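# Descriptive analysis of the structure
As a plain string of letters, each chain reads:
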Amino acid sequence: MNSDAGLEGRIEVLRPGGFVLELAFDFGLGVSVLFGPSGSGKTTSLLALAGLVRPARGRITLAGVPLFDAERHLDVPANQRKMALVFQSLALFPHLDALRNVAYGLPRTLTRAARREQARMWLARMRAAHVADRYPHTFSGGEAQRVALARALASEPRALLLDEPFSALDHGLARELGAELAESMALAAMPVLLVTHDRELARRLGRQLTVLNAGRVERTGQVDDGLLG
Amino acid sequence: MDVEPLLLSFGVAFVATAIAGVLGVALGGLLAARRVWGREFIDAAVTAPMVLPPTVLGYYLLCSVGRASFVGKMIETLFGSPLVFTRAGCVLAASIGALPLVTKAARAAIEDVDLRLLGAARTLGAGPVRAFFTVSLPLARRGILAGILLGFARALGDFGVTLMIAGNIPGRTQTASLAIYDAVLSGHDDEATRLSVTITALAVLVLVLASQLNRRRRDEF
């Protein structure tokens, strides 16, 4: 596949409590879905790819650039990997308003005014311009999702990792946001890894599918192969 | 009432709290980071002043910064006056007492910050230092402030260590707690009562402030 632009590698992650994740992957451009029951290692996969959890073995390459290689003792820190991660909890900064949340990931080389301008643009693009001056505890579920996505995309990532991004939303809203997201991701043209256990969402957004179970890849293939059952 | 010891106590407590505040927050942040080697040992060393007898602590300080010690001689050459039996000694004694309170509170408050918020900051391009100052510190500020207030109260009331390394020189190093001791010994019970009541009132005020800061706002959902 598009491994020269994609996210590719093989990792083995040991977690406290004896959980072992073994993941070989080749995520091309566009949405790849990581599917599986809870406790199967989906979140651990994202944390390891983002550089927040260190794998015991293996290597990770993004767009041809090595980010992690246990044998060569290479471990690019999370803040230099240019991989945006949207947590299931969204992890919006509670002490910053929406605008400053989004501006947080913009390059420090820009002036303050330019960062605010860009943050405003991203909020507008995610249809959340109306919450710019508000703090996260006042957001509705949908607004929080939009701000979190705006913040992730504004940081100009080379890959986007989404952990159950719509789990807090009711079904209709999740679909609406999913459709919008599909659009903006097509624009972004980068590897997007989507963790979900929503079959419908997986079918609609995903191209490639990896099914995890108990820390191992159970199946892998195209979304329309009927792998989702 | 002789206010000079009270004023000295407050001055010393302010400076000592500033020192212990900066040092304690830095240490608390370091101890909350999980990749620091020997962090439980550092924690124990910082906490020791809370459990050691003041005389032991004072003795150690005399040995390490006294006029005969290497550090003491360096200080005397650099500043032209020794540290021991001066107001600087009072500040050192008070800082040592306040430091564990600030450090403990800062560590707990910083460890309490949701790791996912720090993770988000990291993936958004923030290095550990920027993440500390823009995420950990602002979110831990209430707990840290509460620790600083407790540290201030502790610095205000130090007796043993101050006596050991700063002496009890009226008008120079005699803080309120030492003045109370002197007043009792020399039979000036009225003076002792006045100073004691003043100190008590101020300490209670500080504790009330600290608990106000520590209390989570329950009306916030």
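Criteria and cut-off values
- Residues numbered from 1 in each chain as written.
- Chains lettered and ligands numbered in written order.
- Predicted model: local features only at pLDDT ≥ 70, side-chain atom pairs only at ≥ 80, totals over all residues.
- Helix = DSSP H or I, 4+ residues; strand = E, 2+ residues; numbered from the N terminus.
- Buried ≥ 20, exposed ≤ 12 C-beta atoms within 10 Å, placed from the backbone.
- Contact = placed C-beta atoms within 7 Å.
- Pairing = 2+ DSSP bridges.
- Axes fitted to C-alpha atoms, helices over the stretch in contact; angles between N-to-C directions.
- Parallel < 35°, antiparallel > 145°, perpendicular 65-115°, else oblique.
- Left-handed = near helix turned anticlockwise from the far one by under 90°.
- Nonpolar A, V, L, I, M, F, W, Y, C, P; charged D, E, K, R; others polar.
- Domains from an automatic or database assignment.
- Core = buried A, V, L, I, M, F, W, Y, C linked by C-beta atoms within 7 Å.
- Expected span 1.5 Å × (residues − 1).
- Arc of directions from axis to C-beta.

### A closer look at the overall build of chain A
- Per the secondary structure count, chain A includes six helices and eleven strands.
- Dimensions along the principal axes, computed over C-alpha positions, put chain A at roughly 45 × 40 × 35 Å.
- When each of the 229 residues of chain A is scored for burial, the buried share is 46%.
- A fraction of 66% describes how many contacts in chain A between residues 6 or more apart in sequence connect residues 24 or more apart.

### Describing the pairing of strand 5 (residues 65-69) of chain A
All names here are of chain A.
- Pairing geometry for strand 4 (residues 57-62) and strand 5, over four bridges, is antiparallel. When the sheet's bridge partners are listed, Thr61 is paired in strand 5 with Pro66.
- Connecting strand 4 to the next strand, strand 5, in antiparallel fashion are two residues, including Ala63 with a positive phi near 50 degrees.
- Here strand 5 pairs with strand 6 (residues 74-75) via two bridges, running antiparallel.

### Some remarks on the packing of helix 2 (residues 39-51) of chain B against helix 5 (residues 87-111) of chain B
Residue and element names in this part refer to chain B.
- Axis separation between helix 2 and helix 5 bottoms out at 8 Å; the angle between their running directions is 125 degrees. When the interaxial angle is binned, helix 2 and helix 5 end up oblique. Crossing of helix 2 against helix 5: the hand is left-handed. Within the contact between the two elements, helix 2 uses Val46, Thr47, Pro49 and Met50 and helix 5 uses Ile96, Gly97, Leu99, Pro100, Thr103 and Lys104.
- Class assignment for the residues of the contact of helix 2 with helix 5 results in six nonpolar, three polar and one charged.

### Describing the sheet that holds strand 4 of chain A
Residue and element names in this part refer to chain A.
- Read from one edge of the open sheet, five strands run 2-1-4-5-6, paired in antiparallel fashion. Only two strands of the sheet have a single partner each, and these edge strands are strand 2 (20-27) and strand 6.
- Across the sheet, helix 1 (residues 42-50) touches strand 1 (7-14), strand 2 and strand 4, and the angle it forms with strand 1 is around 115 degrees.

### Some thoughts on the domain arrangement of chain A
All names here are of chain A.
- Once the domains are mapped, chain A shows domain 1 (1-82 + 158-229) and domain 2 (95-156).
- Computed over C-alpha atoms, the centres of domain 1 and domain 2 are 24 Å apart.
- For the side of domain 1 that touches domain 2, the per-class residue count stands at nine nonpolar, one polar and no charged.

### Brief notes about the nonpolar core
- Ranked by internal contacts, the top residues of the largest apolar core, which has 80 residues, are Val102, Ala150 and Leu161 of chain A.
- In terms of residue count, the dominant contributor to this core is helix 4 (residues 141-154) of chain A (eight residues).
- For this core, the two domains that each supply at least three residues are domain 1 (1-82 + 158-229) and domain 2 (95-156) of chain A.
- If you look at the next biggest cluster of nonpolar residues, it comprises 54 residues, including Ala32, Leu83, Ala88 and Ala146 of chain B.

### A short note on the pairing of strand 2 of chain A
Residues and elements named next belong to chain A.
- Alternating positions in strand 2 separate cleanly, Leu21, Leu23, Phe25 and Phe27 being buried on one face and Val20, Glu22, Ala24 and Asp26 remaining unburied on the opposite face.
- The sheet contact formed by strand 1 and strand 2 spans eight bridges and is antiparallel. Considered in strand 2, the bridge of Leu14 is made with Val20.
- Taking the residues between adjacent antiparallel strands as the criterion, strand 1 and strand 2 are bridged by five residues, where Gly17 takes a positive phi near 100 degrees.

### What about the interface of chain A and chain B?
- Facing the 15 residues of chain A at the interface are 14 residues of chain B.
- No other element matches the three residues that strand 7 (residues 83-86) of chain A contributes to the side of chain A that touches chain B.
- Its residues assigned to classes, the side of chain A that touches chain B shows ten nonpolar, five polar and no charged.

### Observations regarding helix 3 (residues 54-65) of chain B
Residue and element names in this part refer to chain B.
- Helix length check: helix 3 (twelve residues) gives 16 Å between terminal C-alpha atoms against 16 Å at 1.5 Å per residue, within 8%.
- All of the buried residues along helix 3 are Leu57, Gly58, Leu61 and Val65. Take helix 3 and look down its axis: the buried residues cluster within an arc of 95 degrees, on one side only. Across from the buried face of helix 3, at angles greater than 90 degrees, the exposed residues are Thr55 and Cys63.
- Tucked inside the fold, the buried residues of helix 3 contact helix 2, helix 4 (70-79), helix 5 and helix 8 (160-166).

### Describing unusual backbone geometry
- Despite not being glycine, Glu164 of chain A has its phi angle at roughly 45 degrees, a positive value.
- Looking at the secondary structure, you find Glu164 of chain A in the loop between strand 8 (159-163) and helix 5 (171-188).
- Look at Glu164 of chain A and you get partly exposed, because 19 C-beta atoms sit within 10 Å.
- A positive phi angle, close to 60 degrees, is found at Phe85 of chain B, a residue other than glycine.
- Along the polypeptide, Phe85 of chain B turns up in the loop between helix 4 and helix 5.
- Judged by the 18 C-beta atoms lying within 10 Å of it, Phe85 of chain B falls in the partly exposed class.

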